[in-house]
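Structural overview
Each chain, written out:
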Amino acid sequence: MTEFEIVWQQCVMLIKEQGIISDAEYNTWFRNLIPRANNSKMEVVAGNRLIHDFINKKYWAKVSSILQELNNGTEVDFIVDKPVAAKITQEIGNSSNLLVKAEPVLEIESVAISRSKNSIKPKVEKEVLTQLHQSTKLNKDFTFDSLIRGNSNQLAYAIGMHITQDPGNRNHNPLFVYGGVGLGKTHLMQAIGNEIYRKNPNAKIRYLHANDYIQDVVKASMRQGFDELKRYYNGLDLLLMDDIQFIAGDKTKTQEEFFYTFNNLLDKGKQVIMTCDTFPKNINNLNERLISRFASGLTVEIQPPELEMRVAILKNKALRSNIDLDDEVAFFIGQNIKSNVRELEGALNKVIYHAKFSRKGLSIAIAKEALIDIIASEVRTVSIDDIQKVVCDFYKIKISDLLSSKRTQLIARPRQIAMTLSKELTQHSLPAIGEAFGGRDHTTVLHAQKTISQLREKDEKIEREYKLLIQMLQN
Ligand SMILES: Nc1ncnc2c1ncn2[C@@H]1O[C@H](COP(=O)(O)OP(=O)(O)OP(=O)(O)O)[C@@H](O)[C@H]1O
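Residues numbered from 1 in each chain as written. Predicted model: local features only at pLDDT ≥ 70, side-chain atom pairs only at ≥ 80, totals over all residues.

**Focus: the sheet that holds strand β7 (residues 271–276)**
Formally: We treat two strands as partners when DSSP finds at least two bridges between them. Runs of E in the DSSP output that reach at least two residues are strands. Runs of H or I that reach at least four are helices, and both are numbered from the N terminus. In this description, a line fitted to the C-alpha atoms serves as the axis of each element, helices being fitted only across the stretch in contact, and the angle between N-to-C directions of two axes falls anywhere from 0 to 180 degrees. Two residues form a contact once the distance between their C-beta atoms, set from the backbone, is within 7 Å.
Spatial strand order, β5-β6-β7-β4-β8: five strands in an open sheet with parallel pairing. If you trace the sheet from one side to the other, it starts and ends with β5 (205–209) and β8 (298–302), each paired once. Going across the sheet, the axis of each strand differs from the next one's by a mean of 15 degrees, ignoring polarity. Contacts between helix α7 (residues 154–165) and the sheet are confined to β4 (175–179), β7 and β8, with β8 contributing the most and set at about 140 degrees to the helix.

**A word on the site of the ligand**
Just so we agree on the cut-off: Any residue whose backbone-placed C-beta atom lies within 6 Å of a molecule or strand is treated as near that molecule or strand. These domain boundaries are the output of an automatic or database domain assignment.
Taken together, 18 residues are adjacent to the ligand, and G184, K185, T186, H187 and V341 come closest. Counting residues per element, the ones that place at least two in the shell around the ligand are α8 (185–199) and α15 (341–357). A domain split of the shell around the ligand shows at least three residues from each of domain 2 (119–302) and domain 3 (307–378).

**Some details on the packing of helix α1 (residues 3–17) against helix α4 (residues 60–70)**
Applicable threshold: Working rule for angles: under 35 degrees goes down as roughly parallel, over 145 as roughly antiparallel, 65 to 115 as roughly perpendicular, anything else as oblique. In this scheme the crossing of two helices becomes right-handed for a clockwise turn of the near helix relative to the far one and left-handed for an anticlockwise turn of less than a right angle. Throughout this entry, Asp, Glu, Lys and Arg are counted as charged residues, while Ala, Val, Leu, Ile, Met, Phe, Trp, Tyr, Cys and Pro are counted as nonpolar. The remaining residues, Gly among them, count as polar.
At their nearest, the axes of α1 and α4 sit 10 Å apart, and the two run at 130 degrees to each other. The angle between α1 and α4 places the two elements in the oblique class. The two elements α1 and α4 cross, and the hand of that crossing is right-handed. For the pair α1 and α4, contact is made by V7, Q10, C11, L14 and I15 and by K62, V63, I66, L67 and L70, respectively. Here the contact of α1 with α4 is built from residues that sort into eight nonpolar, one polar and one charged.

**Focus: the confidence of the model for the protein**
So the rule is basically this: What pLDDT conveys is the predictor's confidence in a given residue, as a value from 0 to 100.
Taken residue by residue, the protein gives an average pLDDT of 84. The fraction at 70 or more is 88%. For the protein, the element scoring lowest by mean pLDDT is helix α5 (residues 82–95), at 40; strand β6 (residues 238–242) scores highest, at 97. Our summary of model confidence lists the complex with pTM equal to 0.63 and ipTM equal to 0.99.

**Some words on the packing of helix α19 (residues 409–425) against helix α21 (residues 442–458)**
Across the interface, α19 lies against α21 with an axial gap of 8 Å and an inter-helix angle of 100 degrees. Here α21 runs roughly perpendicular to α19, going by the angle between their axes. On α21, the residues touching Q416, I417, M419, T420 and K423 of α19 are V445, A448, Q449, T451 and I452. Of the residues belonging to the contact of α19 with α21, the class tally is five nonpolar, four polar and one charged.

**Brief notes about the sheet that holds strand β2 (residues 41–46)**
Across a sheet, paired strands are connected by hydrogen bonds in the backbone, their directions being either parallel or antiparallel. The mixed open sheet is built from three strands, whose spatial order is β1-β2-β3. On the outer flanks of this sheet lie β1 (34–38) and β3 (77–80), each paired with one strand and no other. Mean inter-strand twist for the sheet, computed between neighbouring axes without regard to direction, equals 35 degrees. As judged from the four bridges shared by β2 and β3, these two strands associate in the parallel manner. Within β3, the residue paired with V44 across the bridge is F78. Lying over the sheet, α1 contacts β1 and β2, oriented at roughly 140 degrees with respect to β1.

Here's what the structure looks like:
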């Protein structure tokens, strides 16, 4: 490791510790930055302008002053250098082994439409375009126009738009979008697909859920042939794979096939986009090679929408259905339904139907009546499982590690925090909590509580993280 790489690592550690960036921000913005020497001066290199400009605006003042301090007062440059980033990405790519070898035949729903522009006669053009769009399996309604932008998804949105201008570029290939349930990952991914299709209807685009891919591999293996499977997927210009966590587990053949297709598309400069419920490293039972390949492009998180965004989504949905939704009713729904956008939409539909069938106008009173059950269940009872999942997501560790006997601080501290939260937010007894954390004794839980309570008093960062976790769990 060079001197500047060490300085960079120290800097990253400090900016994380000082709360200048969160883990999610690190993964999205900082992970692929490259520290290097230029005439004995240090410079930090971003792989593209988008990342450079965002960091420059939001973080660089603080980051550069820390770097300067670590560098004995010498200034550090922050630049964009595409070739360097591309070279590094390529190196990561080349270090993975390609899986090859295939055998014959599988019928995959193929697109029996000529994609040659010349063959499209004007009078059937519209019909052909419709069929071309159908072959992509994209939902026409999932566009950038209908995707509301807010703090929780603005980065993902910007990256998505950027990709439509230059699909396949190594700097954002693959794109890995992750986040909780119903937060708009599929919508964003399909918006990218729809926009690329709009620009070029002849592009071979395919959206699919990971389960459909598994089905294709199963069919291929039943017919003892993978040639057609390979031909189809390797012939795509844009592959959009939803909920990629589903290919984890014991489906070795699926993972092998996907790895092959994935590498093939990337090597040819074809864009691959995936969504997932968690960060690549946290996907359990997934081949290490896939994990490292998933993270080799751009990774971006979508978070739960804040109140203003929830209200904007509600107003937009109502508008699209020609319904006039008062701000105060939208605020009432938005304040009470916080979990995810899918539930928000469900709640809006419920209120609209309630108003329609009771022949009353849309008002807060009607919304209250319609949502009485949902509002009651939104005051959530938190379970130990919820706590373990949220804490693991937050600290980017695996649940299996949290429950293991590992004692490194990286695992032990989140474990103590999760135990303390379990005592504070659930009705479970100390022995029950100990049991749920890999069969530990109740005295371990007591000890964790004491440690965390002391740490919260003297360590601002722990205090802030603890409060944030409570907020996330009760939201
Ligand atoms: N920012 C947004 N603006 C408008 N609609 C949104 C937004 N985010 C999500 N939605 C809507 O919420 C619903 C759920 O979104 P989507 O299916 O994309 O979520 P997801 O994150 O892929 O969920 P899952 O993890 O369950 O696959 C969709 O109808 C989508 O249009």
